[in-house]
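Single-letter residue listing:
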Amino acid sequence: MRRWGCSPPPPLPPEIFTGFLVWTAEVLTARRVPARSLLPGLDLLEEQLHDFPRAHRILDAGPTALASRP
């Protein structure tokens with residue numbers, strides 16, 4: 001039996017994060033807040049999580065997801 005303490009958890013698919021990010025952008029846009037206001041927060045997270053390559057890959061998908069929304 002595998003325990004979480006013994007092995008790393010399975011990687012989070014970037015689509016879970018990017019889906020949440022796009023949803024957040026839609027909520028902000030509905031409230032007349034530009035979706036681009038999320039980008040500085042992504043940059044700050046990326047700086048703070050520089051030692052976590054998996055988190056970096058997920059965060060890198062954020063700006064692309066925001067740019068591709070209508």
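It should be emphasised that the depicted structure is a prediction, and the values quoted were computed from it without experimental measurement. Here the residue index of a chain counts from 1 through its sequence in written order. This being a predicted model, a pLDDT of at least 70 is required before a residue's local features are given, and a value of 80 or more before pairs of side-chain atoms are given or counted; all residues contribute to the totals for chains, interfaces and linings. As a convention, hydrogens and water are excluded, and side-chain values are obtained from all of the structure's heavy atoms.

J.: Looking at this structure, I do not really get the environment of Thr-29. What am I missing?
T.: Turning to its location among the elements, Thr-29 is positioned in helix α1 (residues 14-30). Given the relative accessible area of 39%, Thr-29 is considered partly exposed. Residues Thr-29 and Leu-66 lie 37 residues apart in sequence; the distance between their C-alpha atoms is 12 Å. To qualify as a helix, a DSSP run of H or I must reach at least 4 residues; to qualify as a strand, a run of E must reach at least 2; elements of each kind are numbered from the N terminus. Any residue under 20% of the maximum accessible area for its type is buried, any over 50% is exposed, and the rest in between are partly exposed; the area is computed with a 1.4 Å probe on protein chains only.

J.: Sorry, what's going on with the nonpolar core here?
T.: One broad rule of soluble globular proteins: the nonpolar side chains tend to lie buried together. Note on terminology: a nonpolar core comprises buried Ala, Val, Leu, Ile, Met, Phe, Trp, Tyr and Cys residues joined through side-chain atoms within 4.5 Å. Membership of the largest hydrophobic core is limited to nine residues, which are Phe-17, Leu-21, Ala-25, Ala-35, Leu-38, Leu-42, Ile-58, Leu-59 and Leu-66. Elements that contribute at least two residues to this core include exactly α1 and α3 (53-67). Contact between two residues is taken to exist if any of their heavy atoms lie within 4.5 Å; hydrogens are not considered. When near neighbours in sequence (up to four residues on either side) are disregarded, Phe-17 contacts Leu-42, Ile-58, Leu-59 and Gly-62.

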